[in-house]
Amino acid sequence: MLKFGRPRKIRRVNPQTPTKESVLKDKNKKLGFCAKKLKDVKENEIVKAVVKQGKENDSKPRTDIRRSSRSRKPTTAYTPPVECKRKRVKKDPTENNVDLCTTCGKKGLLLCCERCPKAFHLKCVGLKALPEGAWLCNECHDKEHDDCCDVCGFGGDLLCCDRCTLVYHTKCVGLDSVPGEDEEWLCPKCTKPAYAPYEGPDNLEILSENFVQYGLCRFKNALTKRQVNSCLELTLDRLHEAFDTVRRLGLEQELIDVGFTTFKTRSRDRYDLRIPEFMTSKFSFLNTKAKWVPLVKQILGNDIKIVHSGVMISLPGSATQPYHMDGPHLSDKKHLPAHILNVFVPLVDLTPEVGPTEFVPTSHLLNNYWDPGVKPMTVNAAQGQCILFDYRIKHRGLGNKSNEKRPVIYITYAKSGFKDVKNFSKKRYKKLPKLSKY
């Protein structure tokens, strides 16, 4: 039977006085126990604990209503905060550095710059051991210039060297105005060459010391004028025969792409010609009785051998070669003495016009190839002189700006047992067909 009237109010249970069912349902939430731990606990004990907790909550004043901050009063007495003495931790200036070497991009033991986030391997920056104190990379080091002139010792408007940290007044270095921003300016100490050829008579001890320290030396009393002329005449004849054979057989492209065992292209208008007669007894002044052999033995040792020989010919208009080394180091961890070297014997005077060989002194040292901090230089050797240089030194042949050919005999000496398979491999080059005779 339906009855109309005022609806009956639903009785709501006070959440602060829980029932048995609600306790069993929400026991994990209110007590904070894990479900696994409550398996062995009796339900009656749980109910009693929850009911007791609810009564205690009812007796406490409710603080659900948020009061204004102005009318709020502290419930407890004010206690001043106690300052805790914390240990001051020094910040590591290298904590933001990268984890890969900036030069080679590989991991390992890295030396971090303390001004920028770059990091380097020791060998990539030319160091053998960790430096003491703060260390800056080359870019940051260039920004750290001195505050006083290196000549007079006073400050003011100073001109900074683009290679080192020295600064100068313009008057102290003989300049009337400051160089442009796009121009590179080097101080007198940086423009001074690191190596100067020994001008005295040939001294084996001095020349060998120069070779070990700088990677090259000049030997004056090498050939007589008559010996130079005989070598020059034979070289020009063999060069003409080689070009004539290549032209008649149509081997111009093969000469450029690969080359032959006796005739190769090193760069544009620069050729490597091998002349077997130079290693015979007729030209003993170039092999067994050469005047520079005692110097070679003092550098490499008594047990030496001739690995290769030939003539490097630079024609008029030849281009400048890129920097290169003839062979790598035998060890990546320790710098070893020279094991192989070249002897250059120019058949013409090496003047700046004919394109002499440009060397970078001290670049033969381990990890010193890319940035030795030394200005490149050329050695102007005359006819009858010779230049000895380390196989690992950084060098290049300059372009020939004259109207004459520039032939230079090269003889490669090495310690007994060493073989240069890369440069003098017989499998790498083809044999040039028999040369035409005139």
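Throughout this document, residue positions are counted from 1 along each chain, in the order its sequence is written. This being a predicted model, a pLDDT of at least 70 is required before a residue's local features are given, and a value of 80 or more before pairs of side-chain atoms are given or counted; all residues contribute to the totals for chains, interfaces and linings. With hydrogens and water stripped out, all remaining heavy atoms of the structure feed into the side-chain values.

Below, the discussion takes up the overall build of the protein. Strands are runs of DSSP state E lasting at least two residues, helices are runs of H or I lasting at least four, and both sets are numbered from the N terminus onward. Looking only at helices and strands, one finds 9 helices and 14 strands in the protein. When each of the 438 residues of the protein is scored for burial, the buried share is 36%. Pairs of residues are marked as contacts when any of their non-hydrogen atoms sit within 4.5 Å. Partitioning the intrachain contacts of the protein with sequence separation of at least 6 by distance along the chain shows that 65% fall at a separation of at least 24. Accessible surface for the protein amounts to roughly 29,800 Å². Of this, 52% is attributable to carbon and sulfur atoms. Only protein chains enter the accessibility calculation, which uses a 1.4 Å probe; a residue whose area is less than 20% of its type maximum is buried, one above 50% is exposed, and one in between is partly exposed. Here the accessible surface of atoms and residues is derived via Shrake-Rupley with a 1.4 Å probe, and residues count as covered only by protein chains that are part of the display.

Stacked, edge-to-face and tilted are the three classes for Phe, Tyr and Trp ring pairs, Trp counted by its six-membered ring, which pair at centre distances within 6.5 Å; planes under 30 degrees apart are stacked, over 60 edge-to-face, the rest tilted. In the structure shown here, the tally under the stated rule is 9 aromatic pairs. On the basis of an interplanar angle of 50° and a centroid distance of 5.1 Å, the ring pair of F359 and F389 is categorised as tilted. Within this pair, whereas F359 is found in strand β10 (residues 357-360), its partner F389 is found in strand β12 (residues 386-390), the two being separated by 30 residues in sequence. Given the relative accessible area of 1%, F359 is considered buried. Overall, the relative accessible area of 0% leaves F389 in the buried class. Measuring from ring centre to ring centre gives 5.0 Å for Y369 and W370, while their planes differ by 90°; the resulting arrangement is edge-to-face. For Y369, a relative accessible area of 13% corresponds to the buried category. Among the aromatic residues, ring-to-ring pairing joins F243, F263 and Y271 into one connected group. Charge-over-ring placement is defined geometrically: NZ (Lys) or CZ (Arg) within 6 Å of the ring centre, and within 35 degrees of the ring normal. Lying over the aromatic face of Y323, K394 brings its terminal NZ or CZ to 5.1 Å of the ring centre.

When the terminal C-alpha atoms of helix α7 (residues 225-249) are compared, their 37 Å separation across 25 residues agrees well with the 36 Å that a helix rising 1.5 Å per residue should span. When α7 is considered as a whole, its buried residues turn out to be V228, C231, L232, L234, T235, L239, E241, A242, D244, T245 and V246. Within two residues after α7, G250 carries a phi angle of roughly 65°, on the positive side. One less than the residue count of a helix, multiplied by 1.5 Å, gives the span that helix is expected to have.

Before going further, it helps to examine the nonpolar core. Buried residues of nine kinds, namely Ala, Val, Leu, Ile, Met, Phe, Trp, Tyr and Cys, make up a nonpolar core once their side-chain atoms join them within 4.5 Å. One finds L286, W292, L388 and Y413 to be the most contacted residues of the largest nonpolar core, which totals 62 residues. Ranked by residue count, the leading element in this core is α7, at 7 residues. If sequence neighbours within four positions are ignored, W292 has contacts with F219, A222, L223, F285, L286, V343, V345, C386, I411 and Y413. Of all hydrophobic cores here, the second largest spans 11 residues; its members include C116, A119, L122 and C137.

What follows covers the side chain of H169. Following the sequence through the fold, H169 ends up in the loop between β4 (167-168) and α5 (188-191). Assessed through its relative accessible area of 16%, H169 is described here as buried. Setting aside its immediate chain neighbours within four residues, H169 contacts C149, C152, F154, G155, G156, D157 and L158.

Let us now look at the pattern of salt bridges. The salt bridge definition used is simple: a Lys or Arg side-chain nitrogen within 4 Å of an Asp or Glu carboxyl oxygen. With the rule as written, the count across this model stands at 9 salt bridges. The shortest N-O distance in the salt bridge between R238 and E241 comes to 3.5 Å. Highlighted residues: R238 and E241, both in helix α7, separated by 3 residues, approximately one helical turn. Among the residues examined, E241 registers a relative accessible area of 16% and is labelled buried. Among the ionic pairs, R247 bridges to D244, the shortest N-O distance being 2.7 Å. Placement of the pair is R247 and D244 together in helix α7, with a separation of 3 residues, close to one helical turn. According to the relative accessible area criterion, D244 is buried, its value standing at 5%. Here the salt bridges do not stand alone but share partners, grouping R238, E241 and E277 into one network.

Further remarks concern the sheet that holds strand β11 (residues 377-378). Read across the open sheet, the 3 strands follow the order β11-β10-β13; overall the sheet is antiparallel. Each end of this open sheet is capped by a strand with a single partner; those strands are β11 and β13 (394-397). For β10 and β13, the ladder comprises 4 bridges, and the chain directions are antiparallel. Within β13, the residue paired with E358 across the bridge is R396. Any two strands between which DSSP finds at least two bridges are classified as paired.

With that settled, consider the environment of V345. Within the fold, V345 resides in strand β9 (residues 340-346). For V345, a relative accessible area of 0% gives the class buried. Along the sequence, V345 and Q385 sit 40 residues apart, while their C-alpha atoms lie 6.4 Å from each other. Setting aside its immediate chain neighbours within four residues, V345 contacts L223, W292, Q385, C386, V408 and I409.

Our next topic: the environment of T170. Looking at the secondary structure, you find T170 in the loop between β4 and α5. Taking relative accessible area as the criterion, T170 reaches 21% and is therefore assigned partly exposed. Each C-alpha atom, one on T170 and one on L159, is 6.6 Å from the other, the two residues being 11 residues apart in sequence. For T170, the residues in contact, after removing those within four places along its chain, are L175, S177 and V178.

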